[in-house]
Every structure is written in C-alpha cells, then in structure tokens.
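Report on the structure
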Amino acid sequence: MQDILEKLEERRANARLGGGQKRIEAQHGRGKLTARERIDLLMDPGSFEEFDMFVEHRCTDFGMEKSKIPGDGVVTGWGTINGRVVYVFAKDFTVFGGSLSEAHARKITKIQDMAVQNRAPIVGLFDAGGARIQEGVAALGGYGEVFQRNVLSSGVIPQISVIMGPCAGGDVYSPAMTDFIFMVRDTSYMFVTGPDVVKTVTNETVTAEELGGASVHTTRSSIADKAFDNDVEALLQMRRFIDFLPSSNTSPVPELPSFDDAERFDMSLDTLVPRNPNQPYDMKELILKAVDEGDFFEIQEAFARNIVTGFARMEGRTVGIVANQPLVLAGTLDSDAGRKAARFVRFCDCFNIPIVTFVDVPGFLPGTAQEYGGLIKHGAKLLFAYAEATVPKITVITRKAYGGAYVVMASKHIRGDVNYAWPTAEIAVMGSKGAAEIIYRQELGEPERIKARVKEYETRFANPFVSAERGFLDEVIMPHSTRKRVARALNMLRNKELQNPWKKHDNIPL
Ligand code: HXC
C-alpha cells in the first residue's frame, strides 16, 4: 500500500513541476510567478483543490505524442478567498507556453461549468501564447467552447481575468467577455495579432508593450480595468476585490464588519464646493469621506477620468459609486465616460449592487471630435444603463446638473430612488451665462445688460429649489450629513423590488 501512496505523491510532484525546473527559473527570471505560485497567493492557505492534474493532450502531429506534460498547460480547481468559494484556472507558461489545446480547453470548461452551476465567481490567470499551434483546428474549437461559457455565465457569476504575461490570439477574447480585466505592468500584454503580424500587414513597427501593454490598455483602449506593479500586488488586490462582489446574481452582496459609524458627520464637506462655480474640486474627496473607512476600489481610474467608478461599502455592504469628476474636463460627459460608466452601472445591476451617484456635470462635451466619435450613442449607453437598472439608486447632486446630463445621472425621471442635492446644487437646462445669451440674444452687444440677465437667470435657477419644488429632488441635505443620509437611504431600500417588462433581452445602443 505504502508504495502506491508514494507513487501517487511522485506523480503529483512531477505534475507540479510543469514544464520543468529550467522553465520555472526562466519564468522567475522574467519577474513572473508560476501558475501554482500564483494560485497559492490568490487563495486562502491550503484551500486550493486541483482538478485534472494528470490530463494530457492527445495530439499526435509534429511528434507531439513524444512530448506530453501532465496538466497540459493550465492549472484548474477551486478554493476559497477570504472564506468564499472561488473557481480558478491559471495558464502555466512553462508548459507549451501555456498554449491552449483541446484537452487544456476541456479543463477550463469543466471549471466554468462548475462555477456557473454552483454559483461562485471564476478567476482566470492568463500567461499564454494562444492556440496550441501543433493542434490547429482542435484548439480553435476549444476556444469556442470557452467563449460560449463566458457568454452564458455573463451576468450570472462574476468572471475576472488577470493578465500576467503574454495574452494573444485566441486568449484575448475570453478575458474580453469577462466582467473585469486586470493587468500586471511591464510583464503582461494583450493583442489580437502581435508586433510581427502588425509589421507584415500594416508596416508599423511597434513593440509588444507599445501595442498591448498595461499602460495602453488602462489609458487608451480601456480594455483593462486596472494595472498592478507585479504578480504579488495583483493577486493580493484580487483578494481585496473579490470581497466586494456577490458570488452570483442570486446571492446577496457580501456584508463585512464595519467599524465606521454610519451617522458620522464630516464637517469639511460643507466647504468642499468652491464659491466660484468654475473652480474645480476633487470629487474623490467626497467619495472617500462618505464611504466606510475610506476604502474605495476604483475601476478604470486611468481612463475617462472625468467620471469616477468603483466599489466601496456603506455599513459593511458593497455599493457601486459613479461620480462626475470636476477636476477633469470640468466633469463633462464624453463618449469615453459614457461607455465606462455604462458598463459599470450594468455590472452593478446584474449583481444587485446598489448604485450611489455623485453629480457635478455641466453637460455633454461639445465638439466635432465628440460628435464624429459617436457621442450620441455612447452617451445613450449610460442613459440606457441607468434607466434599465432596477437596483437601489441614490443620487446626490453637489453642484452642477445641467441639461441632458442631469437626466442621465440617475435622476428621478429614470427611477432614481432617493435623490438628494446639496444647497450648492444648480439644476438647470444649461449654465446661466449660456442661457441668458440665448434668451436675450438681441442684448448681446450690451455687456452690462447681459451681465444683469445672467444674474437674473442665476438667481432663478442656480439652486436646487426649483427642482425640489417639483419633487425632482427628495430633499436638500447638508453636505456634512451625506454619509448618514446615503446610509439611511440604502437601509430603507434594502427590500426594493422592481422588475422591467419581460423581454428576451434589451437592445442597448452598442
Ligand atoms: C505551442 C507554444 C505556443 C503556441 C509558445 N509556445 N506559444 N507552443 N503553441 N501557440 C512554446 C514555445 O515553443 C516555447 O517552447 C515556449 O512555449 C515558450 O515560448 P517562447 O517563444 O520561448 O517564449 P517568449 O520568447 O517569451 O515568447 C512568448 C510568445 C511567443 C510571445 C507567446 O511564444 C509566441 O509568439 N507564440 C506564438 C503566439 C501565437 O502566434 N499563437 C497562436 C495565435 S493564433 P519551448 O519548448 O521552447 O519552451 C490563435 C487563434 C485562436 O490563438 C483564435 C480562436 C478564436
């Protein structure tokens, strides 16, 4: 008996070596951890249970029958993160460059099926060279099977992708259909076709980093939601991130113990908004002062910085925060901001995460660049996302809420549940100067008269009370009491029930 047990241990030890010590050292030499080391850091100690450790490919072309490595380039299984079940697969770059074979794909789809059936998040750690070239079409079929499951799981369980090395060809489309993509700076890159193909087809000379590094995807393409400095930081941040997410679309939002008094006043908020309406201020200050312990996990912080999105907690329960940022483009909504925030709002709505919106928006960004770039459609995405969302929606207008952008930002008219404004709020069809110049166009040659007209318009509309009189706002609140008021509103809305009319699915302007 003892020898059988020893044989098992031997086989396991051999499988754990993946592509061998030399390749492990090469992996470390590039500043990367191996697949198993990554899983060990991600999961609670001792909680990971590996499946399919002895699976091998069945390819017999190109002499492949002579080179089989147990596990076939991907480590799969489940474990817990801070006590909650999570499924994981990690591409093992030391085995055929982590490339995907038919058998490798089957290991992933097994985990995907289990995750969706057992309603727990799935995390994929990517470090791979795309389709197993020796397998050809069998590998393509494998990708298709993975993609199909990504789509069916979308909106049912959170799917998270962490790019920790190369991610090219077929490997990019599975992450692209998951909820979040995180990258590691300098060691990871994502592209459909690499620098060599780019050179051949378009004659552009570009490095892998320039084509698809973390800086490109977090700032320009918006493919990635966040980047971290190294593997360890990325994995530890994933442990923090998972804590914000429900396990599935039928699970409650996680509730963590909070030591931050929900009734806490922050008197400094009373002076956050400057007297001069054109002077910016940092909306993140409000977010950090309103949420539990100032703990805010920002999503897409380097892209479309005129709108801020991310997760926080109120009284220990997850909320999604969306906020205009007056520091960037005066907080206007442009195409990028529309796309970014719409996707975030839809994620929250899928997973029953209440949305808190802080508004200071002077309107949509004017200009040909925006209009030619599809501002109408991209802006409509955010309007659509807010309007279809059935989760609790709480809105606080701190200063400007002008025109169409006012309606978009979770206004009462698109089923905002509780809509507050600070006394500094100005809810109007447009800024006073623009409005007076249109109404009194014939007086444009008389600066003093126009000045008086602007003042007149300002006095009438540059306040929250015209809206409050119509019930478009539920209450005008003291800035210092924002945390308390939002927390109370969230509590009041805990049992909210709202359903949209039955449909196969909607037709959001993509
Ligand atoms: C089989 C692969 C492989 C692949 C890498 N390897 N990619 N084996 N299929 N796709 C193997 C290498 O042969 C090598 O084996 C080991 O992995 C490490 O690769 P290196 O090239 O030495 O590493 P590095 O210099 O770091 O370069 C990594 C890389 C490069 C950039 C990923 O390997 C590469 O360009 N690979 C090919 C990428 C590609 O074209 N994939 C197919 C895309 S088509 P040894 O034994 O020497 O260690 C695709 C279509 C799917 O994916 C579409 C689905 C819809």
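A brief report on the enclosed structure follows. (Residues numbered from 1 in each chain as written. Predicted model: local features only at pLDDT ≥ 70, side-chain atom pairs only at ≥ 80, totals over all residues. Heavy atoms only, no water.)

**Some words on the site of the ligand**
- Of all residues adjacent to the ligand, which total 19 residues, the nearest are R23, G97, G129, A131 and G170.
- In this structure, R30 approaches the ligand through a side-chain N or O atom, which is 3.1 Å from an oxygen atom.
- Within the side chain of S99, one N or O atom sits 3.4 Å away from a nitrogen atom of the ligand.
- Protein burial of the ligand: of its 1000 Å² of free accessible surface, 53% is covered by the chains. (Near = heavy atom within 4 Å. Polar contact = N/O pair within 3.5 Å; in protein donor to acceptor, adjacent residues only side chain to side chain. Areas by Shrake-Rupley, 256 points an atom, 1.4 Å probe, with all protein chains shown as cover.)

**Side note on the packing of helix α4 (residues 102–118) against helix α5 (residues 137–153)**
- At their nearest, the axes of α4 and α5 sit 8 Å apart, and the two run at 10° to each other. For the element pair α4 / α5, the angle class is roughly parallel. Seen from α4, the contacting residues are E102, A105, I108, T109, Q112, D113 and V116; seen from α5, they are A138, G142, E145, V146, R149, N150 and S153.
- Residue classes in the contact of α4 with α5 are distributed as five nonpolar, five polar and four charged. (Axes fitted to C-alpha atoms, helices over the stretch in contact; angles between N-to-C directions. Helix = DSSP H or I, 4+ residues; strand = E, 2+ residues; numbered from the N terminus. Parallel < 35°, antiparallel > 145°, perpendicular 65-115°, else oblique. Contact = heavy atoms within 4.5 Å. Nonpolar A, V, L, I, M, F, W, Y, C, P; charged D, E, K, R; others polar.)

**Describing the pattern of salt bridges**
- Under the definition given, this model contains 36 salt bridges.
- Across the pair R38 and D231 runs a salt bridge, and its minimum N-O distance is 2.9 Å. Residue R38 is located in helix α3 (residues 35–42), and its partner D231 is located in helix α10 (residues 231–242); the two are separated by 193 residues in the primary sequence. We note that R38, like D231, is buried.
- Residue R483 pairs with D260 through a salt bridge whose shortest N-O separation is 3.9 Å. Pair noted here: R483 is in helix α19 (residues 482–492) and D260 is in the loop between α10 and α11 (283–290), with a separation of 223 residues, a long-range link. Exposure class is identical for R483 and D260. Each is buried.
- Through salt bridges that share partners, E443, E446, R449, R453 and E456 make up one connected network. (Salt bridge = Lys/Arg side-chain N within 4 Å of Asp/Glu carboxyl O. Buried < 20%, exposed > 50% of the residue type's maximum accessible area, 1.4 Å probe, protein only.)

**Things to note about the pairing of strand β2 (residues 74–81)**
- Most of β2 sits out of view: seven of its eight residues are buried.
- Relative to β2, strand β1 (residues 49–51) runs antiparallel, the two being bridged by three bridges. Counterpart to F51 in the pairing with β2 is T76.
- Pairing of β2 with strand β3 (residues 84–91) involves eight bridges; the strand directions are antiparallel. Paired with T80 across the two strands is V85, which belongs to β3.
- The antiparallel pairing of β2 with β3 creates a hairpin that spans two residues between the two strands, and N82 there sits at a positive phi of about 50°. (Pairing = 2+ DSSP bridges.)

**Here we look at helix α12 (residues 335–350)**
- For α12, which comprises 16 residues, the first-to-last C-alpha distance of 23 Å matches the rise-based estimate of 22 Å (1.5 Å per residue) to within 8%.
- The first or second residue beyond α12 is N352, which carries a positive phi of 60°. (Expected span 1.5 Å × (residues − 1).)

**Concerning unusual backbone geometry**
- At S222, a residue that is not glycine, the phi angle is positive and equals roughly 65°.
- By secondary structure assignment, the location of S222 is in the loop between α9 (214–219) and β8 (226–228).
- Phi is positive for E315, which is not a glycine, with a value near 50°.

**Considerations on the pairing of strand β6 (residues 180–184)**
- Among the five residues in β6, five count as buried, and that is most of the element.
- By the alternation rule, side chains of β6 split into F180, F182 and V184 and I181 and M183, which are all buried.
- Across four bridges, strand β5 (residues 159–168) lies against β6 in parallel orientation. Bridge pairing links S161 to I181 in β6.
- Pairing between β6 and β8: three bridges, direction parallel.

**Some thoughts on the nonpolar core**
- Grouped together as the largest cluster of nonpolar side chains are 64 residues, with contacts concentrated most on F182, F241, F311 and L382.
- Element by element, the count of residues in this core is highest for α12, at seven residues.
- When near neighbours in sequence (up to four residues on either side) are disregarded, F241 contacts I160, F180, F182, F297, I299 and F311.
- Ranked by size, the runner-up nonpolar core spans 30 residues in total, among them A290, F296, A489 and L493. (Core = buried A, V, L, I, M, F, W, Y, C linked by side-chain atoms within 4.5 Å.)

**Brief notes about the environment of N500**
- Checked against the element boundaries, N500 lands in the segment after α19.
- Since its relative accessible area comes to 28%, N500 is described here as partly exposed.
- Once the C-alpha coordinates of N500 and T390 are considered, the two residues, 110 residues apart in sequence, prove to be 7.6 Å apart.
- For N500, the residues in contact, after removing those within four places along its chain, are E388, T390 and R415.
- Polar contacts involving the side chain of N500 include one to the main-chain carbonyl oxygen of E388, which spans 2.8 Å.
- In this structure the side chain of N500 is engaged in a polar contact, spanning 2.7 Å, whose partner is the side chain of R415.

**A few points about the packing of helix α16 (residues 432–439) against helix α17 (residues 447–461)**
- Running from amino to carboxyl end, α16 crosses α17 at an angle of 120°, the nearest separation of the two axes being 8 Å. Of the possible angle classes, the one that applies to α16 and α17 is oblique. Judged by the sense of rotation from one axis to the other, the crossing of α16 with α17 is right-handed. From α16, S432, K433, A435, A436, E437 and I439 reach across to α17, where they touch I450, R453, V454, Y457 and E458.
- When its residues are assigned to classes, the contact of α16 with α17 shows six nonpolar, one polar and four charged. (Left-handed = near helix turned anticlockwise from the far one by under 90°.)

**Brief notes about the side chain of S432**
- Summarising the element assignment, S432 is placed in helix α16.
- Note on S432: relative accessible area 10%, which makes it buried.
- Every residue in contact with S432, bar those within four places of it in the chain, is listed here: V454, Y457, E458 and A462.

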